[in-house]
Structures are given as C-alpha cells and as structure tokens.
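# Overview (structure and organization)
Listed below are the residues making up each chain.
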Amino acid sequence: MEVEIINDTSEEELLEQDVSPSSSSSPSPILQIENNEPNFLQFDENSENRTPSPICSASSSNQDPPIKVESPAKRRKVSSDDEDGALCPICLDNWMSTGEHRVCALRCGHLFGYKCITRWIFSNKSCPSCKMKASSSDIRYIYANKLIAMDATELELVKKKLNSVIEEKNRIKVDLTKAICKEHTLLQEIENYKKKIKNLSITSSSSHTNSSTKPVLKLSNSSLVCQQGTCRVMDINSQIGKFAISLKSNNNLFPGFGIKKCSTDNLAIVEYTPLHSKVIRDLKFNHSSSYLLSVSLDKSIKISDLNSNSTISTYTFDSMLWSCCWDESNQNLFYVGSQQGATTKFDLRNMSEPVKSTKVTGDWSPVVSLVSIPSCRGGLMPLGGFITCKLNSMWCYENMGGSVYRKQQIPIEGPFISMSYNKDINQVLISARPNSRVPNSRHFVCNFERLPNEENFKFNTLYTFYGGQLQKQLSRSRFLQHAGYTYVTAQVNNTISLWNVNNGSNSSVLTNNSILDLMPLKNCNDSYLLALSEKKLDFYKFQNCT
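The sections below set out a description of the structure shown in this document. (Residues numbered from 1 in each chain as written. Predicted model: local features only at pLDDT ≥ 70, side-chain atom pairs only at ≥ 80, totals over all residues. Heavy atoms only, no water.)

A separate point is helix H2 (residues 114–124). Buried within H2 we find Cys116, Ile117 and Ile121. Buried positions in H2, seen along its axis, are confined to an arc of 120° and lie on one side of it. Residues of H2 that are exposed and point over 90 degrees away from its buried face: Phe122 and Ser123. Where H2 is buried, its residues touch strand E7 (103–105) and strand E8 (111–113). A positive backbone phi angle near 60° is found at Lys125, which sits one or two residues after H2. (Buried < 20%, exposed > 50% of the residue type's maximum accessible area, 1.4 Å probe, protein only. Helix = DSSP H or I, 4+ residues; strand = E, 2+ residues; numbered from the N terminus. Arc of directions from axis to C-beta. Contact = heavy atoms within 4.5 Å.)

The following block contains the structure:
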C-alpha cells in the first residue's frame, strides 16, 4: 500500500517507505495524512523508542518498489510572483470565491482563507501576520474572485515627483506673474520720469529765457501775539481784510481760548474774541461771508461772525475735535474731524444733527486735516468730495449724490502732519513725519486722475521734498503763489524752505522760532509769508528777484 504523508515542517525532505502490497489485485489505495488533524499518528505505548506508526496499514505478499512521497505544499509552489496574491498565508493554498476556503479579512486588513483563519483565531486570538488582537467577529468576507497585490512603490514615487514638479511649475507661474506686474509698474514709472524730465527741461529753458531766479525772503516785521506761548493755528479771509490767530486768554475775567483778529491792511493786531474753554485745534474762514468755523478739544463746534463779534451757532460733539473745513461747492456745509477718527458733515442751516458721518474701520487715529474738493461738471469729481488726512492713513471720498460717498485710500506712507489743497492747479500737499524706514520728514505734491473705464482714482506723486530729521510738533506746510510760480513752504530745522513746484529749485530763510503754521498774504503790491510760532507772528516779505 502506498502512503503519502504531508509534513509542512519539512517540505523539502523526500520520504521513502517500503510497504507490502495487499493480496487483492486492485491498485493499492493512497492515504493522505495531514499534520493538522488530531491523532493522525499513534505511538506504541509498550515500545521503548515509541516509534510512530500510521493508523491505517495494509499487508501484502509482494513487495512494491519504493515510492517518492512529495509534500503538497511543494507541489503548489507558484510559478511566478504574480500568483502570490492568490494564496492563503496560513495553508499556502489558493483561496476561493465561495465555500469554506473563501477569501476573508480581519480588521487589520490581512487576507486569509475562511477555514484557516477560523481555526487560527480559535486557538491564538490574533492575526497571523501582524499579531494584532482579533476575534471571530472581526472576520469579514471579501467579495472578489481573485486578489493580487501589485507593487506600487515605483508608481507612488513617480506620483510624488509629478506633484513636486507641478508645485514647482505653479510657483514659477506665480513668480512670473509678479515679475510681469513689477515690470509693468517700472515701465509706468519710467514713462512718468520721462514726462517729468521733459517738463523740467522745458521749464528750465523757459526760466533761463525769462532770467527768473530764486525768490528772496526778508524778515520785515515781527509781532508778539501771546506772552504765554499758546498760539496754535491761523487763517486769512482776504475779502474782509482780516486774519485770525488762536491763543489762550491772558485775562482772568475771560478764561479759556479764543482768537486775535488782525488787519491785512496795516498788519496790526486788533482785538481778542473768546470762543472755547479748551485749546482750539483748527479754524477756517467761510470765503463767501465773514463767518469763522472753529473746533476745540472741549468737543464743541462754533461758528462766529467776525464783523459783529457774535456767535452764530454752537454744537457739542461726542468726542474731541481736531480739524475742520468748509465745503467748496456749498458754503452752508462744513466738515469736522474728531480724535476718534470720524469725519462728520454738518449743514449750517440745521445744526440740530449731523448730515453724514464716516469712519475708517481699523484706523481710529485722529483726523489731523480736512480739505474739500469742489464740484466740477465734466471734471474728476462732478459732485465734489473731500479728503481726510488721519494720523496714520489718508482717504478720498467722492460724492455720488446726496449723502452717498465712494471711499478710496491714498497710497502714501505716514504718519501724517498736515494737508492742504490748491484748487487752481488741482494738487494736494501732504506732509509726513519721519518713520522707521525714512529718517526725514517728507512733503508730497500729488495730483489725481481717473483712468478710462475705471471707477477709482489714480494718485500720482509729482514731487517729494525732504525736510529735517526732527519733527516735534504738528506744524503745517502750505502752497503759495508768487511771480507766476507755485511753491511749497515748510519749516526744515531752523529754516523756512521754499520749493519751486515747477522746476524743483529750493530757497530758504533762517528763523529762530519753532514754526507751527505758515500762510501767504498779499497786501497791496507786496507779498508776504506769515510764520506763526507759539509767541510771535513773523512777516517775511518777498524781495525783488536778483
């Protein structure tokens, strides 16, 4: 009888056994004995060496030749690596899509034949591959005819390289876009500089032809305004021939702050008028009347008539006030700027409540200066508007009708000191303190234009004049006109400088005072530059050009 014994522990060993054939003439039966079946071998208890013997045996009168017994595991050796995914890792036999040996998986994801893994978990309670704890309830059927795991290592590496190349490509695209934008900006700047050079060359040739030279200023008079040193701001109304200077009262009977009126004819200080209980931060004349608008740190707005020395209207605000201006298109309207960063519009005919209030979210710095842009049919602002100069930012508001305004930020770096507007040449003068990036004070001459098919304005910096490195106070710079030229005047260290906007030339005059406000004045045939300090008012007269 031929016997084939499966021994998984020694798959490479060949067994040869000599067994006697049976007396029957029929072929000898072959009995397969698997080592995982219980009691598949029995031992002779009476034998000393306890030699194992098969349970089933057969006797034969004739002896058959030796037969090679081969392990089924060896006979099932796969012919290629592609068949690895079709074998159960426990019995190394093919799993099936149905039946007792159908393919299934544990929670850890490893695959086995159902019969094999059921027996394994019954005794081991863990996954054969990763030793993760498992139970029979974790077994899940896999509904597939055949599973073969492909080696995707190289594919994943290629995917990673592809993603890296795509990211690099996108980064290069972004850098290219930035470079194109920068190139476009630089080309525009080059064109602007070409225009400036052309204008300067034309102006220079014209100046040379007309033999025009720098203006000369000479101190002609100086008046003591306040012995206490509390002067702050001033304004001029040439129509009524007066200008006003803010200061503190030196009379105990009338404490507080007010103005001293001065005559433009004889440059004499006339009288004092009390107005506010605290410091006056700004004052502006109404160009169509003798009204004077003043705002103070006492939170009040006052409109006074300098001809009758009477108060026309008063309004108490909810915070301290820093700046004001009249509306250039309607002299019944005016604007005030508060310490909390709000710009509020009022109507002189109805002072019971404001007309409109605007704020800038994120910037609560005080409004240091306000200017009104007049309406102009077919112009840049057909319905007018105003510009708000805050301590840290600047904003332009265009009137779109009624109380509706469109807001746009002016891209200039602060912190800011003051601002003024010249409506004759449509230019804005903006003064800024030194900062961490620029050690000098700066004075920007700007204009704005609207591009075709664009809603917002384009702001152009025509000139930048640099002052001193020390700026203790919020001193004001001004536009002034003389001999057909437009100048920018401001204090630089211990001098008062004048920059020619037409050709960029500069002239200056020495001063021993810290200037707070500057104002041009025309008296008959003479032209003056008024310089206000804390105590005195200096009159600088323009001399004939040499």
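Another aspect to go through is the pattern of salt bridges. Counting across every chain of the model gives 17 salt bridges. Taking the shortest distance from any N to any O, the salt bridge between Asp282 and Arg476 comes out at 2.9 Å. Remark: Arg476 occurs in the loop between strand E30 (457–466) and strand E31 (478–482) and Asp282 occurs in strand E15 (residues 280–285); sequence separation between them is 194 residues. Grouping residues by exposure puts Asp282 and Arg476 together as buried. (Salt bridge = Lys/Arg side-chain N within 4 Å of Asp/Glu carboxyl O.)

Attention now moves to the sheet that holds strand E16 (residues 291–296). Either a parallel or an antiparallel arrangement is found when strands of a sheet pair, and the pairing is made through backbone hydrogen bonds. Here we have four strands laid out as an open sheet, ordered E15-E16-E17-E18, and antiparallel in their pairing. In the strand order of this sheet, the two ends are held by E15 and strand E18 (310–316), each with one partner. Ignoring which end each strand starts from, the neighbouring axes of this sheet average 15° apart. Bridge count for strand E17 (residues 300–305) against E18 is six bridges, and the pairing is antiparallel. Note that in E18 the partner of Ile303 across the bridge is Ser313. (Pairing = 2+ DSSP bridges. Axes fitted to C-alpha atoms, helices over the stretch in contact; angles between N-to-C directions.)

With that settled, consider unusual backbone geometry. Looking along the chain, the bond that leaves Gly414 and enters Pro415 is cis, with omega of 0°. Although it is not a glycine, Leu92 sits at a positive phi angle of roughly 55°. Within the fold, Leu92 resides in the loop between helix H1 (72–75) and E7. We classify Leu92 as partly exposed; its relative accessible area is 39%. One non-glycine residue, Leu267, lies in positive phi territory at about 60°. Relative to the elements of secondary structure, Leu267 occurs in the loop between strand E13 (257–263) and strand E14 (269–276).

So, about the nonpolar core. Residues Ile387, Met394, Met419, Ile430 and Phe448 are the most contacted members of the largest nonpolar core, which totals 24 residues. Mapped onto this core, the elements with two or more residues apiece are strand E23 (367–373), strand E24 (385–390), strand E25 (394–401), strand E27 (416–422), strand E28 (427–432), strand E29 (442–450) and E30. In terms of residue count, E27 provides more of this core than any other element does, four residues in total. Cys231, Phe243, Leu267 and Tyr528 belong to the second largest nonpolar core, which has 17 residues in total. (Core = buried A, V, L, I, M, F, W, Y, C linked by side-chain atoms within 4.5 Å.)

This part takes up the pairing of strand E37 (residues 536–543). As defined by bridge partners, strand E10 (residues 216–224) adjoins E37 across eight bridges and the pair is classed as antiparallel. When the bridges of E37 are listed, Ser222 appears paired with Asp538.

With respect to the element layout, Asp517 can be found in strand E35 (residues 517–523). Each C-alpha atom, one on Asp517 and one on Met234, is 7.0 Å from the other, the two residues being 283 residues apart in sequence. Not counting residues up to four positions away in its chain, the partners in contact with Asp517 are Arg232, Val233, Met234, Arg476, Arg478, Leu530, Ala531 and Leu532. A polar atom in the side chain of Asp517 sits 3.1 Å from the side chain of Arg478. (Polar contact = N/O pair within 3.5 Å; in protein donor to acceptor, adjacent residues only side chain to side chain.)

On to the pairing of E28. In terms of residue burial, E28 counts as a mostly covered element, since six of its six residues are buried. Burial along E28 is two-sided: Gln427, Leu429 and Ser431 facing one way and Val428, Ile430 and Ala432 facing the other are all buried. Note: E27 against E28, six bridges, orientation antiparallel. The partner of Met419 across the bridge, within E28, is Ile430. Once E27 ends, the chain turns through four residues before running back antiparallel as E28, passing Asn426 with a positive phi of about 55°.

Relative to the helices and strands, Ser263 resides in strand E13. The exposure class assigned to Ser263 is buried, which follows from its relative accessible area of 14%. Looking at Ser263, its side chain comes within polar contact range of the side chain of Asn266, at 3.3 Å. Residues contacting Ser263, with those up to four places away along its chain left out, are Gly241, Phe243, Ala268 and Val270.

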